[in-house]
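Coordinate inspection notes
Spelled out, the chains give:
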Amino acid sequence: MPIRFFKPLAILLGVFLITSCGNSSEQDAALEPTRDNTQEVLDYYASHPNFFSFKTPEDIPNDLVWEDGMDLPDIGSPEAKKGGTQYGALQDFPRTLRLVGPDSNGSFRPFILDNVAMAMAHQHPNNQNDFYPGLAKSWAVSTQRKTTYIRLDPDARWSDGEKVTADDYLFAFFFFQSEYIIAPWYNNWYGSMYTNITRYDDYTISISIPDVKPNMHYRTLNLSPAPQHFYRELGDDYVARYQWRFVPTTGAYEVRKNDIRKVRSIALTRVKDWWAKDKKFWRYRYNPDKIHLSIIRDTPKVFEAFRRGDLDQFGLNLGEFWYEKLPDDDPDVQNGYIHKTVFYNQRPRPTFGLWMNTAKPLLDNRDIRIGINYATNWDLVIEKFFRGDFERLKTVSDGYGEFSHPTLEPRSFDIDKALAHFANAGFTDRGPDGILVNDRGQRLAFTLTTGYEALKDVLTILKEEAKKPGLEFRIEVLDGTAAWKKVQEKKHDIQFSAYAVALEMYPRYWETYHSVNAYDIAFLEDGSVNPDRKLKTQTNNLEAIAIPEVDDMINRYRSSSDKDEMIELANRLDETLHDHASFVPGYKQSFYRVGYWRWIRYPDGFNLKHSSSAGRYFVHWIDTDMKQETLAARKSGETFPVSIKVFDQYKGD
């Protein structure tokens, strides 16, 4: 899966932020008549015979050792009840229902893809190295450890009732390698990270990768199919044609036409007779019949709706909400109507910090960038804004265990060091407002952009502290969509943001730091910088990093099959990026906090070790009887036991 831009209010508020949409009927009217790409797909297979193979079950090796993960612990609680409607909120309406392509990488995506769609097998949320079955019944790895053989579950169905077969997996590679979808990351990943897919029969395939990897199962089993019957019209008009068509899912929830009330709300309905509803690992999850998401643009109004009981849950990560707006002595908490929970997790940490666009004037100067690092007082932010509950992020790869750098530390706030580096870049004099200027009259000032309205006070602290060494941050708070659009078009100076990171054994670097994602042609054949290079937009290389040494290490890292070599390369990459200084590490948290009404129920241990939020694995359920009881008690004055709990069984990073 691609790295997803992190919208922290999804965690802070217990909701997911998404963006605006257009008029689907007008778009549909402008489309060409229905086409059928069946022959084009078959021709593509035929033109890539080394990648797409067709064999029989007799060609499968006899010495394979098959596994199915059925010995792993179940997920969720047997006490879970199906039914009820879960009420949440969104900041804005989604711009598309497509799963890939322009505008698809938003915070509504977890509801229709990341947290719902099924792969062949999934990492167990209490042990990321173990896999449990999804669309596969069993799997086996070749003796050369470059090919995984998969037996698909014949029970699997798309939400429109069609069977999931081997053909949907072959088609997935056609789809993700296609330029129709306008998704460079997918084109690269599915074109370079795999070497072959073989169809043996309707329910048996194999997937091959170019190099032996320590996390081979993640690469080969964590794949979802694409519904070939749905994408039969795929062509140059993909973006418009599929803009508002819900893609059939293998997961528990679908978006129906009557679930969409533009501008006002969007909902997801549990798939009738969902094929996996009685399967181990899935039977105690995805319990609400419906998830209703109202459009509430302002954070204070979202909280007000939660306090009224209109919304079921609210993320309390921010100290403002945990300590002040919903303190432990709040009547609703003391009366047992609202529960408060802290859950410590273990997983890679989102990369909150400042991302500098080195293609911008002045920011292409390393001394300026190092000075900005020293002029950014994250320790004060953590102390004042986060009440000391969060920690300083050290690198872009925190939380990966032995793959994380063991000793590297971020630069601390230091006025003298900041001034020294700014002076090296020619900024030695202060203007009348205290901001440094150079001999050409340029002020040391940059626009600091964010899409995190709830975190705007973080930037206020950084702005005031940066003045001390003569640096000006011009704060720009945009809505999430506008901020993401600006940074994707590489129009930002400095962006305060983060990437959500997947539950993987080791960090990724190619998407964010390889030069192919910075410029169209970064270097000439002789290795020199291309003077005519153009910034490449719509990529995750927000810093416009183009360093041959980094490219070389990333290429070796991606192709390496030696774990020790990969760890060494990861450490060297972190050191090189630290030295480059175009990212200022911000903060991380080793827990999440949530408030929820008494009728929302969780398993005894509350959640799973690797969960990123309370709702990540959908293990909660709604007790509709308890909801009526609680609402009646609020009117009558009846009370219940207080519930303020800390689950620290997985404490430790």
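Criteria and thresholds
- Along each chain, residues carry numbers from 1 onward, in the same order as the chain's sequence is written.
- It should be noted that, the model being predicted, local features are given only for residues of pLDDT at least 70 and side-chain atom pairs only at 80 or more, the latter also being counted only at that level, while totals for whole chains, interfaces and linings use all residues.
- The side-chain quantities take in all heavy atoms of the structure and omit both hydrogens and water.
- The way it works is that DSSP assigns letters per residue, a run of H or I at least four long becomes a helix, a run of E at least two long becomes a strand, and they are numbered from the N terminus.
- Here the globule rule is a power law, 2.2 Å times the number of residues to the power 0.38, and the radius of gyration is based on C-alpha atoms.
- Contact criterion: two residues are considered in contact whenever any of their non-hydrogen atoms come within 4.5 Å of each other.
- Reported accessibility uses the Shrake-Rupley method at a 1.4 Å probe radius. Residues are deemed covered only where the shown protein chains occlude them.
- His is not counted, nor are the chain ends; Lys and Arg add positive charge and Asp and Glu add negative charge.
- Note that the charge is assigned to NZ on lysines, CZ on arginines, CG on aspartates and CD on glutamates.
- In these notes, a set of buried Ala, Val, Leu, Ile, Met, Phe, Trp, Tyr and Cys residues joined through side-chain atoms within 4.5 Å is what counts as a nonpolar core.
- Whether a residue is buried, partly exposed or exposed follows from its accessible area with a 1.4 Å probe, protein chains only, as a fraction of its type maximum: under 20%, in between, or over 50%, in that order.
- Between N-to-C directions, angles cover 0 to 180 degrees, with each direction set by a line fitted to C-alpha atoms, over the stretch in contact for helices.
- With respect to orientation, any angle under 35 degrees is reported as roughly parallel, any angle over 145 as roughly antiparallel, any angle of 65 to 115 as roughly perpendicular, and every other angle as oblique.
- Should the near helix be turned counterclockwise from the far one by less than a right angle, the crossing is left-handed, whereas a clockwise turn marks it as right-handed.
- Polarity classes work like this: nonpolar for Ala, Val, Leu, Ile, Met, Phe, Trp, Tyr, Cys and Pro, charged for Asp, Glu, Lys and Arg, and polar for all others, with Gly in that last group.
- We call Phe, Tyr and Trp rings a pair once their centres come within 6.5 Å, taking the six-membered ring for Trp, and we label the pair stacked below 30 degrees between planes, edge-to-face above 60, and tilted otherwise.
- Geometrically, a lysine NZ or arginine CZ counts as sitting over a ring once it is within 6 Å of the ring centre and also within 35 degrees of the ring normal.
- Any pair of N or O atoms that falls within 3.5 Å is considered a polar contact. Within protein, one atom must be able to donate a hydrogen and the other to accept it, and sequence-neighbouring residues count only if both atoms are side-chain atoms.
- Salt bridges are defined by distance alone: a side-chain nitrogen of Lys or Arg within 4 Å of a carboxyl oxygen of Asp or Glu.
- Pairing between strands is defined by DSSP: at least two bridges between them are needed.

1. Examining the overall build of the protein chain
- Counting its secondary structure elements, the protein chain contains 20 helices and 29 strands.
- For a compact globule of 653 residues, the expected C-alpha radius of gyration is about 26 Å, and the protein chain comes in at 25 Å, within 12% of that figure.
- Viewed in the frame of its principal axes, the protein chain has a C-alpha envelope of about 80 × 75 × 55 Å.
- Pairs at least 24 residues apart make up 75% of the contacts formed inside the protein chain by residues separated by at least 6 positions.
- In the form shown here, the protein chain has an accessible surface area of approximately 25900 Å², with 47% of it arising from carbon and sulfur atoms.
- Averaging the locations of the 82 positively and 93 negatively charged side chains of the protein chain gives two centres separated by 4 Å.

2. Regarding the nonpolar core
- Counting residues in hydrophobic clusters, the biggest one holds 188 residues, and the most contacted among them are Tyr194, Tyr231, Ile372, Phe422, Val458 and Phe496.
- Ranked by residue count, the leading element in this core is helix H5 (residues 166-177), at nine residues.
- When sequence neighbours within four positions are dropped, the list of residues in contact with Phe496 reads Phe352, Gly353, Leu354, Trp378, Leu448, Thr449, Thr450, Tyr452, Leu455, Val458, Leu459 and Tyr587.
- Grouped together as the second largest cluster of nonpolar side chains are six residues, Tyr519, Ala522, Phe523 and Ala546 included.

3. Let's talk about the packing of helix H18 (residues 548-559) against helix H19 (residues 563-580)
- At a minimum axis separation of 10 Å, H18 and H19 run at an interaxial angle of 155°. The angle between the axes of H18 and H19 places the two elements in the roughly antiparallel class. Pair H18 / H19 crosses with left-handed handedness. Listed contacts from H19 to Glu549, Val550, Met553, Ile554, Arg556 and Tyr557 of H18 are Glu565, Met566, Leu569, Ala570, Arg572, Leu573 and Thr576.
- Residues that form the contact of H18 with H19 fall into these classes: eight nonpolar, one polar and four charged.

4. Some points on the packing of aromatic side chains
- Within the structure shown, the criterion is met by 68 aromatic pairs.
- Ring plane angle 75° and centroid distance 5.0 Å describe the contact between Phe230 and Tyr231, whose orientation is recorded as edge-to-face.
- Consider the rings of Phe386 and Phe390, whose centres lie 4.2 Å apart with planes at 20°: the pair is stacked.
- Phe386 sits in the buried class, given a relative accessible area of 1%.
- Under the relative-accessibility criterion, Phe390 is labelled buried at 5%.
- Here Arg151 stacks its cationic end above the ring of Trp66, 3.6 Å away from the centre of that ring.
- Stacked on the ring of Trp189, the Lys or Arg Arg508 has its end atom at 5.0 Å from the ring centre.

5. Topic: the side chain of His405
- Tracing the backbone shows His405 in the loop between strand E17 (391-392) and helix H14 (415-424).
- For His405, a relative accessible area of 13% corresponds to the buried category.
- Within the structure, the side chain of His405 is placed 3.0 Å from the backbone nitrogen of Leu408, a separation counted as a polar contact.
- Polar side-chain contacts of His405 include one of 2.7 Å to the side chain of Glu575.
- Beyond its immediate stretch of four places on either side in the chain, His405 contacts Thr395, Asn571, Asp574 and Glu575.

6. Structural notes on the side chain of Asp551
- The topology assignment puts Asp551 in helix H18.
- Buried and unpaired, Asp551 has Arg533 as its nearest opposite-charge partner, separated by 8.5 Å.

7. Comments concerning unusual backbone geometry
- Backbone geometry places Leu362, a non-glycine residue, at a positive phi of 75°.
- Mapped onto the secondary structure, Leu362 falls in the loop between strand E16 (353-356) and helix H12 (366-374).
- Phi at Ala581 is positive, roughly 65°, even though this residue is not glycine.
- By the element assignment, Ala581 lies in the loop between H19 and strand E24 (583-585).

8. Details of the sheet that holds strand E22 (residues 494-497)
- Strand order in the open sheet formed by five strands is E21-E20-E22-E16-E24, with mixed pairing between adjacent strands. Two strands bound the open sheet, and with one partner strand each, they are strand E21 (472-477) and E24. Going from strand to strand, the sheet's axes swing by 25° on average, the running direction of each strand aside.
- Here four bridges tie E16 to E22, and the two strands are oriented antiparallel to one another. Each residue of the ladder has a partner; that of Gly353, found in E22, is Ser497.
- Against the sheet, helix H15 (residues 456-466) engages E16, strand E20 (445-450), E21 and E22, with an angle of about 165° to E21.

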